[in-house]
Amino acid sequence: MEFLGIIWDIVKGCCWNCTANASSYIRHLEANVDALSQAKRELDSSCKDVGGRIEQALEADFVPREQVKDWLATSEQKVKEVDSLLQRGEKEKAKLCLGGFCSQNC
């Protein structure tokens with residue numbers, strides 16, 4: 001009988017942890033999407049600033065460093081990835097119910 005109690009405690013703990021993690025994700029989804037959107041705007045703004053500086057440097061016959069070109073390419077790729085995540089986040093936000101404490105996927 002004690003063996004069953006130990007098994008029950010393990011199963012109960014595992015289920016609680018999974019449920020608690022999922023509810024935390026769902027509960028904070030709107031704030032996380034908003035924070036990601038703000039960070040994306042900041043990164044996009046930095047990309048445009050760096051791109052403008054590169055244009056000015058090219059006009060003055062300077063050659064941008066590879067590190068700068070790599071950063072700009074990586075940043076632009078990240079902005080595209082974040083756009084995809086934001087679209088998915090908006091879809092998930094539309095599925096929230098019970099005041100944002102539950103998802104209709106549950």
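For the structure, check the block above.
What you see is a predicted model; the values in this text were computed from it and never measured. (Residues numbered from 1 in each chain as written. Predicted model: local features only at pLDDT ≥ 70, side-chain atom pairs only at ≥ 80, totals over all residues. Heavy atoms only, no water.)

(A) Spotlight on the overall build of the protein. The helix and strand inventory of the protein stands at 3 helices and 2 strands. Ordered by position from the N terminus, the helices and strands of the protein form the series α-α-α-β-β. Within the protein, the proportion of its 106 residues that are buried is 19%. A separation of at least 24 residues holds for 65% of the contacts in the protein among residues at least 6 apart in sequence. (Helix = DSSP H or I, 4+ residues; strand = E, 2+ residues; numbered from the N terminus. Buried < 20%, exposed > 50% of the residue type's maximum accessible area, 1.4 Å probe, protein only. Contact = heavy atoms within 4.5 Å.)

(B) Quick look at the packing of helix H2 (residues 29-59) against helix H3 (residues 66-94). Running from amino to carboxyl end, H2 crosses H3 at an angle of 155 degrees, the nearest separation of the two axes being 9 Å. Between H2 and H3, the interaxial angle falls into the category roughly antiparallel. Along this stretch, H2 crosses H3, giving a crossing that reads as left-handed. Among the residues forming the contact of H2 with H3, the class breakdown is 14 nonpolar, 5 polar and 10 charged. (Axes fitted to C-alpha atoms, helices over the stretch in contact; angles between N-to-C directions. Parallel < 35°, antiparallel > 145°, perpendicular 65-115°, else oblique. Left-handed = near helix turned anticlockwise from the far one by under 90°. Nonpolar A, V, L, I, M, F, W, Y, C, P; charged D, E, K, R; others polar.)

(C) Representation of the pattern of salt bridges within the structure. In this structure the tally under the stated criterion is 4 salt bridges. Notably, a salt bridge pairs Asp44 with Lys48, separated by 3.8 Å at the nearest N-O pair. Of this pair, Asp44 and Lys48 both sit in helix H2, 4 residues apart, roughly one helical turn. Under the relative-accessibility criterion, Asp44 is labelled partly exposed at 25%. Look at Lys48 and you get exposed, because its relative accessible area is 60%. (Salt bridge = Lys/Arg side-chain N within 4 Å of Asp/Glu carboxyl O.)

(D) Quick peek at H2. End to end, H2 covers 45 Å across 31 residues, agreeing with the expected 45 Å (1.5 Å per residue, within 8%). If you check which residues of H2 are buried, you get Leu29, Val33, Lys40, Cys47, Gly51 and Ile54. Asp61 occupies a position one or two residues after H2 and carries a positive phi of about 65 degrees. (Expected span 1.5 Å × (residues − 1).)

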